[in-house]
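# Working through the structure, step by step
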Amino acid sequence: NAENGHQLWLRFDRLEAESPVFSGINADKSKFAVKEFQQIWKEKTGKLLPVVSGQIDNQLIVGTRKDKNILSLGIDKELVRQGKEGYVIKTISKQNKTFTVVASADEKGLLYGVYHLLRILQTGEFNKALNISEKPSYSVRVLNHWDNLDGTIERGYAGRSIFWRYSEEHPTITDKDISLWREYARANASIGINGSVLNNVNASPKMLSEEYLLKVKAIASELRPYNIKVYLSINFSSPTNLGGLKTSDPLNPEVKMWWAKKVNEIYKLIPDFGGFLVKANSEGLPGPQDFGRTHADGANMLADALKPHGGIVMWRAFVYDAGKDDRAKLAYKEFMPLDGQFRDNVIIQVKNGPIDFQPREPFSPLFGAMKKTPLMPEVQITQEYLGFSNHLVFLSTMWEEFLESDTYCNGKGSTVAKTTDGTIFKQKLTAIAGVANIGLDANWCGHQFAQANWYAFGRLAWNNSLTSAKIADEWIKQTFSSDAKFVEPVKSMMLESREATVNYMMPLGLHHLFAYGHHYGPEPWCDVAGARQDWMPKYYHNASVKGIGFDRSTTGSNAVLQYFSPLKEDFNDANTCPDKYILWFHFLPWDFKMKSGRILWDELCYTYDKGVQQTREFQKNWDKAERFVDPERFTQVQNRLRIQAHDAVWWKDACLLYFQQFSKRPIPYDIERPVYK
Ligand code: GCW
C-alpha cells in the first residue's frame, strides 16, 4: 500500500545507520524468526546478512535452547525460566570477540526476541552491553475485533473489516486479503499480541457455519506462523438458530452434544484454535439466564466442550439489566455470587470501568474482589467515547492509570495489574483483551496517532508495568523520527492528550454525556421517549438547581461499598474523594468548595476551558513539527487536530451552557466565551 502510514511502526529505516553492522548471522535459516529477521533486514538495508559459523567478531547469534549455537553458551537455565514466549538478548564476549545473542526456550519466544532486537536497533537503544530478559505479563494477549460478517465494524472508525470484506452470503478470499492478514499478523507479533477474536461480540450464529469456518481456517493459517491464535465470538443461541434445536439451554444434553460436535468440527479445521468469547444476557443478547441458568452454567458447558482440545472461554461480565439498580453496580452483583463456580479454562472478561469505556472511570470493583476466578481486563482501543478517529488521544496513560489502580484487595499495592497477571492470585490462566481500532483504511486506524494505541495495547499486554512515556518514546522513534526536537514535544502532547480529552468532554468524574446512539458529540439534554433510562445522559449527571453528579456514596446507591477499604471510605467522602472521580461518586451543590478553593461551578468551567486550550497547544505543537514529517502524514494529523480543537469548543459550550441553566451562575470572565448558542 502506497500510503506512508501503512507501514505503522515497522519502518526500520535506521537499522544500519544507528547500529554497528553485524558481521553476519549465526542461525538456523529454516527457523521462521530467522527468516523474518533476514527478510526485514534485506528489505530495509538492501543487503542480506550473511549466514556465518565459527567465531567471528560482531556476530549475531540467534536460536533456541536446542540449537547448537545456543547450547554452547551455558544459558539454558535462564532460557527455561523465561518460558515458551520469553527470550533473552545478551552481549557475550569471548576471546576479544563480541557477540549479540538472541535466544529463547521455544520458537515462539524467538520471534518476539528478534522483534525486540529490531526495535532497539531502530530506536537507538542497541549497545554492546545488553542483558535483557523478557517474558509476558499475560499468557493470552488478544485483540477483539467487533467485525460483522457483512464487513461493517461496530464502533469501528477506520473503514470496513480486514477479515470480512465481501458478501456476507459467500465469504471469498483474495490475494489482497492474504497479504493484508500477513501484514496484520506481523504488526501484532512485533508487539507481542498472540490472539485475535475475528468477529463481533454481538455475534451472528452464522459465524459457526461451515462456510465461515473455512474462511476462519484460511485466516488462521496466515496468522499461525506469527504465533497468533484465532478465537471466535459465539452467539449463545446458535444451537437453535444455526443447529435447528428446540432449545439452547446449556444443561440440555442435546445442546451439550451440539456444542461438542461443533467444537470438534472447528478443531479438525484449526487444530490450534484458541476458544470462544461470549457476550451473553447483555444488551438483549441470548444467554443461559433465558433458561433459568447462570453465567457459570453457560460458561462451563462451553468450557467442557473446549477442554479436550485445550481451548478456553472468555466470558464477558458486561451486564446491566435495565432499571435493576445503579448500572455501575450490576456486574459485581451478578458475578460475585458465582466466584469459584467456573471451570479452570474459563476466564471472566471485565471492562476496565464499571460502566462502559468512558473517558475516565474508576476501575471496576470486580478486580480484586473475585478471588477464586481468573479475570481478564478488557480495554477499548477503538475510540468509541473518545472522538472516534478524529481526536488524538493516546490511551496508554488511561490504561496505565487503570492497571496501576490499587484495589487494596490484599493490602496496599494490590494493583489491578497484580490481581490479573498471576502475582496475587496464582491462577494458571491470565489474559488481557483490547477492542481493536483496525480497518481497511490505508493507515489501518484512521488517525495516524491511533496506531499508537494499537501499539501501546500490545506493549502493555506484554509488560503491564511499562510506563506510557517509554511506550510513546518507542513508538514516535519507530514511526516518525528520533530527532529529540521532534520526539520531546510530540511525546508531551501524547502524554497529555487523554487528560485534555477528559477536560473538554467530561471532567471531574462526569460520564456518559454523549449523544444518543453514535457517541460522538455532547448531548447532556438528550431525552429519547421510551428509551432505556440508563442510556440517557440525565441518568448520569442528574443536573438540577440543587447541583450535579451521581450519588454513589452511602447516602445514594452505595456503589462505594463494592470497593475495599480504605478506598470505599475515601470515595464515600466528597472531601477525600479524588477530584477526578468526584461527580462519579457524589451529587454536589454548585457552590461546593473544591480542593482548589474554587466552587464546583467555577472549577467545571475552568476545567472545560483548560481542555480547549490544551487542544490549541497541540495544534501549535504539531505545526512546529512540520519539518520532521512527510507532507502526507503531517497534513492528515494537522487536519484532525483542527477538528479536535473545534470539537473541544463544541463540548465545552454545549455542556457549560446546558448546565448553566441550573447553576444560574456566570461563566468566569477570564475564560474563553462560548461561540455556540
Ligand atoms: O460500548 C458498548 C457499545 C456497543 C458494544 C457494547 C459491548 C459490541 O456501545 O456497541 O457492543 O458496549 O461492549 O458489548
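Source: prediction; values computed, not measured. (Residues numbered from 1 in each chain as written. Predicted model: local features only at pLDDT ≥ 70, side-chain atom pairs only at ≥ 80, totals over all residues.)

Take the site of the ligand next. If you check the shell around the ligand, you find W146, E154, R155, V201, N202, K279, E283, F318, D356, F357 and E384 and nothing else. Each residue belonging to the shell around the ligand can be placed in one class, and the counts come to four nonpolar, one polar and six charged. (Near = placed C-beta within 6 Å. Nonpolar A, V, L, I, M, F, W, Y, C, P; charged D, E, K, R; others polar.)

A few words on the sheet that holds strand β12 (residues 375-380). Around the barrel, which closes on itself, the eight strands sit in the order β6-β7-β8-β9-β10-β11-β12-β13 with parallel pairing between neighbours. For this sheet, the mean inter-axis angle between neighbouring strands, taken without regard to orientation, is 25 degrees. Of the pairings in the sheet, the one linking β12 to strand β13 (residues 431-435) comprises three bridges and is parallel in character. Bridged to V379 within β13 is G434. (Pairing = 2+ DSSP bridges. Helix = DSSP H or I, 4+ residues; strand = E, 2+ residues; numbered from the N terminus. Axes fitted to C-alpha atoms, helices over the stretch in contact; angles between N-to-C directions.)

Moving on, we come to the confidence of the model for the protein chain. Taken as a whole, the protein chain shows an average pLDDT of 96; of its residues, 99% reach a score of 70 or greater. This complex was scored by the predictor with a pTM of 0.98 and an ipTM of 0.99. (pLDDT = per-residue confidence, 0-100.)

Another point: the sheet that holds strand β2 (residues 59-64). Remark on secondary structure: sheet strands pair via backbone hydrogen bonds, oriented parallel or antiparallel. Overall, mixed pairing links the five strands, which are arranged β1-β2-β4-β3-β5 in an open sheet. Looking at strand neighbours, the two that pair on one side only are β1 (24-27) and β5 (131-134), the edges of this open sheet. Strand-to-strand, the axes of this sheet are offset by a mean angle of 20 degrees, without reference to chain direction.

Time to look at the domain arrangement of the protein chain. Interfaces are often sized by the accessible area lost when the parts come together. Examined at the domain level, the protein chain breaks down into domain 1 (4-134), domain 2 (140-479) and domain 3 (482-677). Every contact between the two is made by 14 residues of domain 1 and, on the other side, 18 residues of domain 2. It is helix α4 (residues 107-122) that provides the largest number of residues to the side of domain 1 that touches domain 2, a total of six residues. Each residue belonging to the side of domain 1 that touches domain 2 can be placed in one class, and the counts come to seven nonpolar, four polar and three charged. (Domains from an automatic or database assignment. Contact = placed C-beta atoms within 7 Å.)

With that settled, consider the pairing of β1. Along any regular strand, the residues point their side chains to alternate faces of the sheet. Both β1 and β2 contribute to a ladder of four bridges, which runs parallel. Bridge pairing in β2 places I25 opposite L60. Handedness of the crossover joining β1 and β2 through helix α1 (residues 32-45) is recorded here as left-handed. (Right-handed = clockwise from strand over helix to strand, strands pointing away.)

In an α-helix, one turn spans 3.6 residues, which is why side chains three or four residues apart end up on the same side. The end-to-end C-alpha distance of helix α15 (residues 484-505) is 31 Å, a good match for the 32 Å that 22 residues give at a rise of 1.5 Å each. The sharpest bend along α15 comes to roughly 40 degrees, located at S497. Looking at the buried positions of α15, the neighbouring elements they touch are α11 (396-403), α13 (451-462), α14 (468-479), α19 (600-624) and α20 (631-663). (Expected span 1.5 Å × (residues − 1). Bend = angle between axes of the 7 residues up to and from the residue.)

Counting residues in hydrophobic clusters, the biggest one holds 201 residues, and the most contacted among them are V62, V114, L302 and V313. It is α20 that contributes the most residues to this core, 10 residues altogether. Look past the residues within four positions of L302 in its chain and what remains in contact with it is W259, F276, V278 and V313. (Core = buried A, V, L, I, M, F, W, Y, C linked by C-beta atoms within 7 Å. Buried ≥ 20, exposed ≤ 12 C-beta atoms within 10 Å, placed from the backbone.)

Before going further, it helps to spend a moment on unusual backbone geometry. Along the chain, S565 connects to P566 via a cis peptide bond; the corresponding omega equals 0 degrees. In this structure, P566 sits in the loop between β14 (548-549) and α17 (567-572). In this structure, W444 is a non-glycine residue whose phi angle is positive, near 75 degrees. Mapped onto the elements of the fold, W444 is located in the loop between β13 and α13.

The end-to-end C-alpha distance of α4, which contains 16 residues, comes to 23 Å, matching closely the 22 Å that a straight helix rising 1.5 Å per residue would cover. Backbone geometry just downstream of α4 places G124 in the positive-phi region, at approximately 80 degrees.

This next bit is on the environment of L8. Mapped onto the elements of the fold, L8 is located in the segment before β1. With 23 C-beta atoms counted inside 10 Å, the residue L8 sits in the buried group. Here the alpha-carbon distance between L8 and F449, two residues 441 residues apart in the chain, equals 9.9 Å. Excluding anything up to four places from it in sequence, L8 contacts A187, W444 and Q451.

Next up on the list: the packing of α14 against α15. Geometry of a packed helix pair, given as the angle between the helix axes and the separation of the axes. Two elements in contact, α14 and α15, have axes whose closest approach is 10 Å; the angle formed by their N-to-C orientations is 130 degrees. Taken together, the axis directions place α14 and α15 in an arrangement best described as oblique. Considering the relative orientation of α14 and α15, their crossing is right-handed. Residues S468, A469, A472, D473, I476 and K477 of α14 touch α15, and the partners they reach there are V487, V490, K491, M494 and L495. A per-class count over the contact of α14 with α15 returns seven nonpolar, one polar and three charged. (Parallel < 35°, antiparallel > 145°, perpendicular 65-115°, else oblique. Left-handed = near helix turned anticlockwise from the far one by under 90°.)

So, on to the environment of V346. Relative to the helices and strands, V346 resides in strand β11 (residues 346-351). When the 26 C-beta atoms within 10 Å are taken as the criterion, V346 is described as buried. Separated by 39 residues in sequence, V346 and K307 have C-alpha atoms that sit 9.8 Å apart. Contacts of V346, omitting those with residues within four sequence positions, involve A299, N300, A303, V313 and W315.

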